[in-house]
Amino acid sequence: MKSNIITAKSLRAMGFPESPVIPVVMEAVKKHFKHTAPADIEAQLKALLEAPENFYNDPVFATAALKLKPPVEEAVTGCDISLNATGISFTIFGASGIEPGAMHQMYTAAKLPVAVAGALMPDAHQGYGLPIGGVLATNNAVIPYGVGVDIGCRMCLSIFDIVPTELVQRENFFTRELLEATLFGSGAQFKQPANHAVMDSHVFDALPLLKSLKDRAWRQLGSSGSGNHFAEFGAVHITDADGLPGVSSGTYIGLLTHSGSRALGANIAAHYTKLAKQQRRLPGEAANLAWLTLDEEAGIEYWMAMNLAGDYASACHHIIHAKVAKQLGRKPLTMVENHHNFAWKETWNGQEVIVHRKGATPAAAGVFGIIPGSMTAPGFIVKGRGEMASVNSASHGAGRLMSRSKAMQNITHEAMKAELKKHGVKLLGGDLDEAPFAYKDIHAVMQEQTSLVDIIGSFQPKIVQMCGDAQRGWRRGPREKWHNDFVEGE
């Protein structure tokens, strides 16, 4: 977008559907973004297009977001399955900081006939189906929107035996390696992708849907997407000498990444959600909670596809971390990773159940994980305590304090630059919608879940890469040829 005047043509190029969405978006931009920089408008519109559920209560884009909501098929307008009058009981952690919309979604999920147990994490906010931060255990049922669109989205931390002062002394080196390790952008693809065993999975050929997605998945292997996804170097402080095998208490350099299964996961979610809605027709407010059973063909297929998407997301991280380790000339002391937006087979009160964690970290006893803060706030390396009240789960981050459009309207570039300088953080890309002020206080969130995890260390960001115009203009030498691979739209 070359100017603040948004045209129907430019919106179509981004992927917005025709009327009535495009006119609504144009009017909203004209009314509320008269003095906003073009790059910021573009970032906001991309965020709206990628995750309209984040804007349902947004004062600027709520109308457009609702029009972008997946349509209910004519074949599913009935209501063959009723919700229970009384839902299962579930524990809410940090209730005072959770928006009403997320609460309502969790109470609705608790009334599903297949619901067995549940919990709501302190970073929760409204989403599709289950709220982000929602945990739901079900009986022989998997809910595609209980998993989410970005299947297998995860955190991955490599800890290197290098003193963090090198991040300052050799800042240009670490900046370059971070920029060259991955691609950001909703449609980013490599011209020469990496190889990984995940692409040899028989599941790609077993399911027609996945076979059609394989080529694009290969070209996106090792990329990182947009939104709140990131790759960053920072200082790791291990405080529990016995907490993390292979790493003594002390200070190290860490590489932390956050991303998921890219277009592969999004297409799997859309396809099987449609099938679930056709097979199990629920009342309007619960329509996105339609499920598939694991003894029917569609459910078996989804389970296979979901697990492949999880393996694919893991492979993306491992490729990034391997590239960086090679350039550093060091093997990591250890790697800690965990995924959210997934469903697991677990045992609950002697019964096998399917546990959906949509934006929630697995926290069974002894299980390691990473809970990030923001681009300036620390993240925490944790060990699960196996708390039944949370269905062995914890938060997956700090959680948003502001919607994306509210952040864009209320946070200035000057304030963001000052905050970055205050914490000694170099930002490569990233926009105001991901500014530190847009997130809850991670320390307060961690205080709400002391019964769920033990903290064994922290990660303080120092060089942060996210999707944004700044990263594309950082350097234009021959090693930056990957910028030409940036493809818009997804």
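Note that the structure is a prediction, hence the values are computed from the model and not measured. (Residues numbered from 1 in each chain as written. Predicted model: local features only at pLDDT ≥ 70, side-chain atom pairs only at ≥ 80, totals over all residues. Heavy atoms only, no water.)

Any chance you could explain the sheet that holds strand β3 (residues 132-138) here in plain terms?
By definition, the strands of a sheet pair up through backbone hydrogen bonds, in either a parallel or an antiparallel sense. With mixed pairing, the five strands of this open sheet are ordered in space as β1-β2-β3-β11-β10. With partners counted over all chains shown, the strands left at the sheet margins are β1 (91-92) and β10 (342-348), one partner each. Of the pairings in the sheet, the one linking β3 to strand β11 (residues 351-358) comprises five bridges and is antiparallel in character. Bridge pairing links Thr138 to Ile354 in β11. Against the sheet, helix α5 (residues 100-109) makes contact with β1, β2 (115-125) and β3, and its axis sits at roughly 170° relative to β2, the strand it touches most. Across the sheet, helix α12 (residues 297-328) touches β10 and β11, and the angle it forms with β10 is around 110°. (Pairing = 2+ DSSP bridges. Helix = DSSP H or I, 4+ residues; strand = E, 2+ residues; numbered from the N terminus. Contact = heavy atoms within 4.5 Å. Axes fitted to C-alpha atoms, helices over the stretch in contact; angles between N-to-C directions.)

Even after reading the chapter, I still don't get the nonpolar core, so can you show me in this structure?
Among soluble globular proteins, nonpolar side chains are generally buried collectively. Core analysis: the largest hydrophobic core is formed by 57 residues, its most contacted members being Leu112, Leu210, Leu264, Ile268, Leu282 and Tyr302. Counting residues per element, the ones that place at least two in this core are α5, β2, β4 (141-142), α9 (203-206), α10 (208-219), α11 (262-279), α12 and β10. Here this core gets 11 residues from one element, more than from any other, and that element is α12. Ranked by size, the runner-up nonpolar core spans 53 residues in total, among them Ala137, Leu256, Val391 and Ala407. (Core = buried A, V, L, I, M, F, W, Y, C linked by side-chain atoms within 4.5 Å. Buried < 20%, exposed > 50% of the residue type's maximum accessible area, 1.4 Å probe, protein only.)

What is the right way to read unusual backbone geometry from this model?
Across the chain, the bulk of peptide bonds are trans and the bulk of non-glycine residues have phi less than zero. One non-glycine residue, Asn341, lies in the positive phi region at around 55°. Summarising the element assignment, Asn341 is placed in the loop between β9 (334-339) and β10. Asn341 gets classed as buried once you look at its relative accessible area, which sits at 12%. Residues other than glycine seldom take positive phi values, yet Asn392 does so here, at roughly 55°. Residue placement: Asn392 occurs in the loop between β14 (379-384) and β15 (393-395).

What's the story with the confidence of the model for the protein in this structure? I'm lost.
Parts of the prediction with low pLDDT should not have their coordinates interpreted in detail. Taken over all residues, the pLDDT of the protein has a mean of 88, while the share at 70 or more is 92%. Confidence drops under pLDDT 50 across residues 72-78; counting only partners more than four residues distant or on other chains, this segment forms seven contacts. A low-confidence stretch, residues 469-490 stays under pLDDT 50, and its non-local contacts, those more than four residues away or across chains, total 52 contacts. (pLDDT = per-residue confidence, 0-100.)

What is the right way to read the packing of α11 against α12 from this model?
For the pair α11 and α12, the least separation of the axes is 10 Å and the interaxial angle reads 165°. As the angle between them shows, α11 and α12 are arranged roughly antiparallel. As α11 packs across α12, the resulting crossing turns out to be left-handed. For the pair α11 and α12, the contacting residues are Arg262, Leu264, Ile268, Tyr272, Leu275 and Gln279 in the first and Ala298, Glu301, Tyr302, Ala305, Ala309 and Tyr312 in the second. Classifying every residue of the contact of α11 with α12 by side-chain character gives nine nonpolar, one polar and two charged. (Parallel < 35°, antiparallel > 145°, perpendicular 65-115°, else oblique. Left-handed = near helix turned anticlockwise from the far one by under 90°. Nonpolar A, V, L, I, M, F, W, Y, C, P; charged D, E, K, R; others polar.)

What should I look at first to understand the packing of aromatic side chains in this one?
Two descriptors summarise a pair of aromatic rings, namely the distance from one centre to the other and the angle between the planes of the rings. Using the criterion set out here, one finds eight aromatic pairs in the structure. Ring plane angle 70° and centroid distance 5.2 Å describe the contact between Phe342 and Trp344, whose orientation is recorded as edge-to-face. For the pair Phe342 and Trp344, a shared accessibility class is recorded, and that class is buried. We note Arg170 situated over the ring of Phe173; from NZ or CZ to the ring centre the distance is 4.2 Å. (Phe/Tyr/Trp six-rings, centres within 6.5 Å; stacked < 30°, edge-to-face > 60°. Lys NZ or Arg CZ within 6 Å of the ring centre and 35° of its normal.)

What's the story with the state of the cysteines in this structure? I'm lost.
Structurally, a disulfide amounts to a covalent bond that connects the sulfur atoms of two cysteines. Applying the stated rule across the entire model yields zero disulfides. The thiol sulfur of Cys153 is not disulfide-bonded, and the nearest other cysteine sulfur, from Cys316, lies at 11 Å. The class for Cys153 is buried, based on a relative accessible area of 4%. (Disulfide = S-S within 2.5 Å.)

Could you clarify how one ought to interpret the environment of Ala197 in this entry?
Within the secondary structure, Ala197 sits in the loop between α8 (171-181) and α9. Between the C-alpha atom of Ala197 and that of Leu178, which follows or precedes it by 19 residues, the distance is 24 Å.

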